[in-house]
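# Residue-level structural notes
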Amino acid sequence: MTLSRRAFLGTACSAAASPLVTPMVFAATPGENRLVVIVLRGGLDGLGAVQPYGDRDFTALRPGLATRPGDGLSDLDGFFGLADPFRGLLPLWQAGELGFVHAISTPYRDKRSHFDGQDLLENGGGATDGSLTRTRDGWLNRAVGLIPGARAETAMAVGREHMLLLEGAAPALSWSPTNALALEDDDRQLLTALYSGDPLFSEALAEAAALADDKAETRRESGATLARYTAERLNADARIAAFSLGGWDTHRRQANAIRNPAKQLTEALTTLKQDLGRNWNRTAVIAITEFGRTARENGSGGTDHGTGGLMVVSGGAVQGGRVFGDWPGLSERDLYQNRDLMPTDDLRRWAAWPLAAMFGLDRATLERTVFPGVDLGREPGLIL
């Protein structure tokens, strides 16, 4: 048996790393609609990203972090403004392909732990007490298992981090842009010694190593990298995708600390639009986080773990150009426990409606199985 140069390249790269790990998920389903779920790990400061500059109490709570239109803030609707680190998203807003849902949360309260908060966010349970469902699986996995025509190979996870969002009965494959084609020094030395006497394989090994180095360079732009691969799969047979972006825990020097995660989110959304092409018109993206942050800035120029937060929604299928939600106000009597933005709506309700609009899941199924015990209420007009 002979081994071709192309086959060796694949063998050498896969020998260095197995791609079976989990934080981006793909599901191939019938139809042309597409949904992307992005988990923003660390607690996005919704008050910092989409600032309620029209609320008279906002500046007093954040004397060092609040900005105004014309001074690092882009006006959105006369009350809310988009902070400077997110200004790259303005073209999406202006095109009607970007919106926000303010003052929302899961039922998770008071302890404000990243780990517990993210588990509940991805599990989708806790209708009344903030606990996980008995099955301890992910709400997106449950949804995929209910979409008519979904096949055994329809789900795929990409990335290094664990995602409860996809765990459950619906099967999933995995792929990691971080580990794929990675050749560690020990691997290179072993393969170099093994094939030193064979010019064909030595040359192929050199190409594999160069390709691995190129991939390592690409990984530095994680938002764009994940979005690029997501778009590739969604342009093929995938229809549902999920991945995570970290770095949102801004306890200190938030004005600077938020810039990199904001850049990653901006690159993820703009890359999805660019690479999806015409398929962007049938795509909705929701970016969700485990909780918001304190209404008051702290003594380190940052904000601490809070409650009420923000959902980012984007896509050609989204009714954008709007800030959704019931604004509670920021006066002392309006704050949750005198410290946080008061949540006025359930995040899970807003995650459920795109599943209904784009994949035909009925209300009863969403309330009973995907988000057990959640009242979906009135359809919010999020999807065109």
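Only a predicted model underlies this, so the values are computations on that prediction, with no experimental measurement involved.

Parameters and conventions
Residues numbered from 1 in each chain as written. Predicted model: local features only at pLDDT ≥ 70, side-chain atom pairs only at ≥ 80, totals over all residues. Heavy atoms only, no water. Axes fitted to C-alpha atoms, helices over the stretch in contact; angles between N-to-C directions. Helix = DSSP H or I, 4+ residues; strand = E, 2+ residues; numbered from the N terminus. Parallel < 35°, antiparallel > 145°, perpendicular 65-115°, else oblique. Left-handed = near helix turned anticlockwise from the far one by under 90°. Contact = heavy atoms within 4.5 Å. Nonpolar A, V, L, I, M, F, W, Y, C, P; charged D, E, K, R; others polar. pLDDT = per-residue confidence, 0-100. Core = buried A, V, L, I, M, F, W, Y, C linked by side-chain atoms within 4.5 Å. Buried < 20%, exposed > 50% of the residue type's maximum accessible area, 1.4 Å probe, protein only. 1 Å grid on protein atoms, 1.4 Å probe; cavity = no way out; pocket = protein on both sides within 12 Å on 5 of 7 lines; lining within 4 Å. Points joined across faces, edges and corners; volume = space filled by probe spheres on them.

## Overview of the packing of helix 12 (residues 347–359) against helix 13 (residues 363–370)
Viewed as axis vectors pointing N to C, helix 12 and helix 13 meet at an angle of 135°, and their least axial separation amounts to 10 Å. Here helix 12 lies oblique to helix 13, going by the angle between them. Classified by chirality, the crossing of helix 13 by helix 12 is right-handed. Residue-level contacts link A352, W353, L355 and A356 of helix 12 to R363, L366 and V370 of helix 13. Grouping the amino acids of the contact of helix 12 with helix 13 by side-chain chemistry returns six nonpolar, no polar and one charged.

## Points about the confidence of the model for the chain
The share of residues in the chain with pLDDT of 70 or more is 76%, and the mean pLDDT across the chain is 85. In this model residues 180–186 is a low-confidence stretch, pLDDT under 50, and it forms 17 contacts with partners more than four residues away in sequence or in other chains.

## Overview of the nonpolar core
With 41 residues, the main nonpolar core has W139, M311 and L355 as its most contacted residues. Only strand 2 (34–40), strand 7 (98–105), helix 6 (139–146), strand 10 (240–245), strand 11 (283–289), strand 12 (309–314), helix 12 and helix 13 provide two or more residues apiece to this core. The dominant element in this core, judged by the number of residues it contributes, is helix 12, at nine residues. Setting aside residues up to four positions removed in sequence, L355 forms contacts with L35, W139, A143, G360, L361, L366, V370 and F371. Counting residues in hydrophobic clusters, the runner-up holds 39 residues, among them L40, V50, L98 and L234.

## Considerations on empty space enclosed by the protein
Enumeration over the complete set of coordinates arrives at one cavity of 30 Å³ or more. Size it by volume and the largest cavity reaches roughly 30 Å³. Lining the largest cavity we find I104, S105, T289, E290, F291, G292, T307, G309, L310 and L347. Looking at the lining of the largest cavity, the elements that each hand over two or more residues are strand 7 and strand 12. Among the residues forming the lining of the largest cavity, the class breakdown is four nonpolar, five polar and one charged.

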